[in-house]
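# Residue-level structure breakdown
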Amino acid sequence: MNAKSLVRSALAGACLMSSAVATAQDLQFFGTGGTGLDIGHGGGKAWAVGITGKVYRFDTPPGAWTEIGGITTGLRIDVDSGGNPWVVTRDQKLFTWNGGWYQVYGDIRDVGRSAVGDHMWAIGGGGDGRGNFNIYRWEGQAGWVQKPGVAARIDVDPDGVPWVVNAYNAIYRWNGADWNQIPGGATDIGIGAERSVWVVGNDGTLFWWNGRDWDRRGSRLAQVSVDEGGNPWGVDPAGGLLRGKRADVRIVHGVGGTELFADDYYRDGSRWIAKFAVSNTGGPTTRWIFGGDGSLRNVAANKCIHLDVRENSAWILLLDCNGAPASLGWSWSASDRTIRNSSHPAGCGFGNSWGGFDFGLTCSLDLRWRDANIIDVR
């Protein structure tokens with residue numbers, strides 16, 4: 001990010017997100033009974049820095065915060081794939097918990113841990129004197145290795161790719177060598193294990209990245225983190241610690257209002273079989289959501305669905321979350337509430353009269369493919 005980038009960043013930061021119609025009804029927040037400065041989620045665990053700088057873990061049961069003693073000057077926090085917190089203190093020190101607190105060297109202002117794998121990036125040391133600091137990646141024995149650019153906030157996706165927000169509220173994503181600017185402006189960012197990206201917009205409104213633009217979610221937060229199900233946790237402007245629950249995990253097709261759920265999945269020999277059913281069968285037993293990379297993912301197993309034309313009689317959907325290109329391609333169209341695939345952008349998912357699932361090459365009901373309610377997932 002050179003001087004010209006910073007000028008563009010300033011302009012971007014001056015604008016609020018201009019996105020789709022607000023969908024606040026798709027997201028609900030619930031108080032957790034605590035107050036704090038920051039919150040983090042990873043490995044199925046939520047941790048927070050309290051108002052006084054102490055560190056707390058959210059335990060279920062009993063569904064309450066438990067103080068983990070030893071730190072009293074915490075400021076920022078993130079949680080790794082093992083559920084262990086990484087805490088930045090007011091004097092720019094970094095600590096992690098693994099049954100006890102251990103300090104990691106470095107002058108750190110913010111830390112980002114991937115919720116899958118062992119990727120860690122941080123912001124700290126030096127900077128531009130305007131609220132931005134240098135960006136580093138942890139590279140094992142080499143320690144912290146500086147990368148180009150400066151920023152103020154950071155988080156890391158499951159592939160180890162960091163996203164940052166700078167002091168001008170501009171958003172950037174690492175491309176392996178430098179930073180690509182993402183539309184919009186934000187003050188904080190959080191990324192889930194299933195790749196969903198959430199930001200706090202310039203006006204404190206929460207937004208979700210749909211792979212192309214930001215969908216406004218309406219709730220007002222100061223900080224945000226994301227759990228393994230793509231649900232945001234946050235700190236509200238008054239310091240309240242909140243957990244979010246997304247209602248949009250449903251796969252909904254707008255034609256006729258049919259709602260599709262992953263009703264069940266099970267092992268059949270060497271294969272996993274998933275069955276989709278319409279909502280009148282009693283609701284979902286397995287949840288699927290759309291990741292920020294366009295994949296359709298199972299929340300519990302982190303499996304992915306994609307199209308594979310292996311039989312002329314049906315679309316076979318194979319699960320592969322190993323980063324293979326074939327695992328991508330699904331997208332959620334918020335405007336008409338349909339599921340689509342990049343190979344066939346005019347196509348739609350449908351519920352059929354037998355309570356199963358079809359995929360059509362167009363969104364016209366009379367041009368769908370044959371029944372595919374049993375889905376092969378390897």
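Residues numbered from 1 in each chain as written. Predicted model: local features only at pLDDT ≥ 70, side-chain atom pairs only at ≥ 80, totals over all residues. Heavy atoms only, no water.

Bridge analysis of strand E10 (residues 120-123) against strand E11 (residues 133-138) gives three bridges, and the strand direction is antiparallel. For tryptophan 121, the partnering residue across the bridge sits in E11 and is arginine 137. Note that E11 and strand E12 (residues 144-151) share six bridges and pair antiparallel. Residue pairing in the sheet places asparagine 134 in a bridge with valine 150 of E12. The turn joining E11 and E12, which pair antiparallel and follow one another in sequence, is formed by five residues; a positive phi near 65 degrees is taken by glycine 140. (Pairing = 2+ DSSP bridges. Helix = DSSP H or I, 4+ residues; strand = E, 2+ residues; numbered from the N terminus.)

Here the structure, examined in full by the defined rule, presents 10 aromatic pairs. Plain terms: the ring middles of phenylalanine 58 and tryptophan 233 are 5.7 Å apart, the flat faces sit at 75 degrees to each other, and that makes the pair edge-to-face. Taken as a pair, phenylalanine 58 in strand E3 (residues 55-59) and tryptophan 233 in strand E21 (residues 232-235) lie far apart in primary sequence, 175 residues in all. Residue phenylalanine 58 shares its accessibility class with tryptophan 233, and that shared class is buried. Measuring from ring centre to ring centre gives 5.2 Å for tryptophan 97 and tryptophan 101, while their planes differ by 65 degrees; the resulting arrangement is edge-to-face. Members of the aromatic cluster, each reached through a chain of ring pairs, are Phe58, Trp65 and Trp233. (Phe/Tyr/Trp six-rings, centres within 6.5 Å; stacked < 30°, edge-to-face > 60°. Buried < 20%, exposed > 50% of the residue type's maximum accessible area, 1.4 Å probe, protein only.)

Our focus in this paragraph is the sheet that holds strand E17 (residues 197-201). Strands pair in a sheet through their backbones, by hydrogen bonds, and they do so in one of two ways: parallel or antiparallel. With respect to topology, seven strands assemble into an open sheet ordered E13-E14-E15-E16-E17-E18-E19, the strand pairing being antiparallel. A single partner strand is all that each edge strand has here, and the edge strands are strand E13 (153-156) and strand E19 (214-220). Going across the sheet, the axis of each strand differs from the next one's by a mean of 40 degrees, ignoring polarity. Here four bridges tie strand E18 (residues 205-209) to E19, and the two strands are oriented antiparallel to one another. Each residue of the ladder has a partner; that of tryptophan 208, found in E19, is aspartate 215. (Axes fitted to C-alpha atoms, helices over the stretch in contact; angles between N-to-C directions.)

Across the sheet, four strands lie side by side as E9-E10-E11-E12; this open sheet has antiparallel pairing. Each edge of the open sheet is held by one strand with a lone partner, namely strand E9 (110-113) and E12. Mean inter-strand twist for the sheet, computed between neighbouring axes without regard to direction, equals 25 degrees.

The next point concerns the confidence of the model for the protein chain. Across the protein chain, the average pLDDT comes to 79, with 68% of residues at or above 70. Here residues 1-25 is a poorly scored stretch, pLDDT under 50, and it has 55 contacts once near neighbours within four places are set aside; other chains count. Overall, residues 311-315 carries pLDDT values under 50, and its contacts beyond four positions in sequence, including any with other chains, amount to 14 contacts. (pLDDT = per-residue confidence, 0-100. Contact = heavy atoms within 4.5 Å.)

With that settled, consider the pattern of salt bridges. A side chain of one charge can pair with a side chain of the opposite charge if their charged atoms are brought near each other. Going through the model one piece at a time under the given rule, you end up with 11 salt bridges. A salt bridge links aspartate 118 to arginine 113, with the nearest nitrogen and oxygen atoms 2.4 Å apart. Residue classification places arginine 113 among the buried residues on the basis of a relative accessible area of 4%. For glutamate 139, the salt bridge goes to arginine 137, with nearest N and O atoms at 2.8 Å. Taking the relative accessible area as the measure of exposure, glutamate 139 reaches 30% and is therefore partly exposed. Looking at arginine 137, the relative accessible area reads 29%, which means it is partly exposed. One network of salt bridges, in which partners are shared, links Asp38, Arg76, Asp110 and Asp188. (Salt bridge = Lys/Arg side-chain N within 4 Å of Asp/Glu carboxyl O.)

Here we come to the pairing of E17. Counting buried positions along E17 yields five of five residues, so the element is predominantly enclosed. Counted between consecutive antiparallel strands, the loop separating strand E16 (residues 179-191) from E17 contains five residues, among which arginine 195 sits at a positive phi close to 80 degrees. Examined bridge by bridge, E17 and E18 share three bridges and lie antiparallel to one another. Within E18, the position partnered with valine 199 by the bridge is phenylalanine 207. Counting the residues that bridge the hairpin from E17 to E18 gives three residues, and of these glycine 204 lies at a positive phi of roughly 85 degrees.

Tracing the chain through its elements places phenylalanine 30 in strand E1 (residues 27-42). We classify phenylalanine 30 as partly exposed; its relative accessible area is 40%. Sequence spacing of phenylalanine 30 and leucine 241 is 211 residues, and the spatial spacing of their C-alpha atoms is 8.7 Å. If we skip the residues at most four places from it in the chain, phenylalanine 30 touches Leu241, Leu242, Arg243 and Lys245.

With respect to the secondary-structure elements, aspartate 110 resides in strand E9. Engagement of the side chain of aspartate 110 in a polar contact is seen with the side chain of arginine 76, the distance being 3.1 Å. Separated by 3.0 Å, the side chain of aspartate 110 and the backbone nitrogen of isoleucine 154 make a polar contact. Not counting chain neighbours up to four residues away, the residues in contact with aspartate 110 comprise Arg76, Val88, Ala122, Ile123, Ala152, Arg153 and Ile154. (Polar contact = N/O pair within 3.5 Å; in protein donor to acceptor, adjacent residues only side chain to side chain.)

Further remarks concern the environment of serine 343. Here serine 343 shows up in the loop between strand E31 (338-341) and strand E32 (348-351). Taking the relative accessible area as the measure of exposure, serine 343 reaches 55% and is therefore exposed. Residues serine 343 and glycine 329, spaced 14 residues apart in sequence, show a C-alpha to C-alpha distance of 7.0 Å.

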